[in-house]
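Structural description and commentary
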Amino acid sequence: MADSTETQDDALARRGLMFILSSPSGAGKTTISRMLLDADPAIKLSVSVTTRPPRPGEKDGVHYYFVDDAEFDRMVEEDDFYEWAHVFGHRYGTPKGRIRNALKEGQDFLFDIDWQGTQQLYQKDQQDVVRVFILPPSIAELENRLRGRGTDSDEVIAARMERARSEISHWDAYDYVVINEDAGECFAKVREILDAERMKRQRQTGLIPFVRQLMS
Ligand code: 5GP
C-alpha cells in the first residue's frame, strides 16, 4: 500500500499519540499490529516486558522483553512501568523508556495491551491515548483461530477462551470498536482511525503559528 504523500498538514508539528489495540487473543490483533507497523514508519511499537516464556519465533527486544520474576519485581520497585498487569498467570508491563519525551516530539506509539493496561494508561494520559478494540466475528471463529495457532495445549486454549469472554466484556471502555471479519479490511479501518486521530486539532500543536501566518 502506498504511503500518503506528505502535505502541508502532515508537516505541521503535532503531539504523538498512544494508539492502543486490544482484543481477546485470537481476534487478530497481532496481525493487525504487524500490518500497521509495516505500512506506517511513523508509528513505533511499545515493546512490553513480560515474565511469560517466549513462544517459538519470538525474539527478546522485538516482541517482548522477556524477564524473570525477580527482574520484573525490581522494575516495579524502581517505578519503571507506565502500567502493568497480571494476564494468564504472568505479568506484563509497559516500560516508560523514552515514551513521554518522544510523544512531545510527535512520535506515535502502538500498544498491544489488555483492558487493564488500557485503563491505567488512559487514567495517566487521556489526551494522548486512542483506544481501539478488535472483536472477532464469532466465538466459533475465535476458537478456530486459537487452535490454528497450534502452540498451546487444550487446557491453555480453554483458559484463553474463558479469558476471551471476559476480555470482550470490556469492549465499551474503548473509543473505537472494529470487527475483524477480514484482516485486510480490519487493517484499513484501523489505519483510518489512526489517520483521523492524527488530524485532531488539539494534537496539531503547529496549527497556531500556521494559522497566524495564514492570517497575517
Ligand atoms: P500474549 O501472551 O498472547 O502475547 O499476550 C497476552 C495478553 O497480554 C494480550 O491481551 C496482550 O495484549 C496483553 N499484554 C501484552 N503486553 C502487555 C502490557 O505491557 N501490559 C498489559 N496490561 N497487557 C499486556
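In what follows, the structure referred to is the one given above.
Residues numbered from 1 in each chain as written. Predicted model: local features only at pLDDT ≥ 70, side-chain atom pairs only at ≥ 80, totals over all residues. Heavy atoms only, no water.

In total, this model carries 21 salt bridges according to the counting rule given. Arg-131 is paired through a salt bridge with Asp-175; the nearest N and O atoms lie 2.7 Å apart. Of this pair, Arg-131 sits in strand β8 (residues 129–135) while Asp-175 is found in the loop between α7 (154–168) and β9 (176–179), placing the two residues 44 residues apart along the sequence. Between Arg-198 and Asp-195 there is a salt bridge; the shortest N-O distance is 3.7 Å. Linking Arg-198 with Asp-195, this pair stays in helix α8 (residues 183–198), spanning three residues, or about one helical turn. Using a relative accessible area of 11% as the deciding quantity, one classes Arg-198 as buried. (Salt bridge = Lys/Arg side-chain N within 4 Å of Asp/Glu carboxyl O. Helix = DSSP H or I, 4+ residues; strand = E, 2+ residues; numbered from the N terminus. Buried < 20%, exposed > 50% of the residue type's maximum accessible area, 1.4 Å probe, protein only.)

Lining the immediate surroundings of the ligand are 17 residues, of which Ser-48, Arg-52, Tyr-64, Glu-83 and Tyr-92 lie closest. Measuring from an oxygen atom of the ligand, one finds a side-chain N or O atom of Tyr-92 at 2.5 Å. Between the ligand and the protein, one listed contact pairs an oxygen atom with a side-chain N or O atom of Asp-112 at 3.0 Å. For the ligand, whose accessible area on its own is 510 Å², the fraction buried by protein is 95%. Only β5 (81–87) and β6 (90–95) provide two or more residues apiece to the shell around the ligand. In terms of residue class, the shell around the ligand is made up of six nonpolar, four polar and seven charged. (Near = heavy atom within 4 Å. Polar contact = N/O pair within 3.5 Å; in protein donor to acceptor, adjacent residues only side chain to side chain. Areas by Shrake-Rupley, 256 points an atom, 1.4 Å probe, with all protein chains shown as cover. Nonpolar A, V, L, I, M, F, W, Y, C, P; charged D, E, K, R; others polar.)

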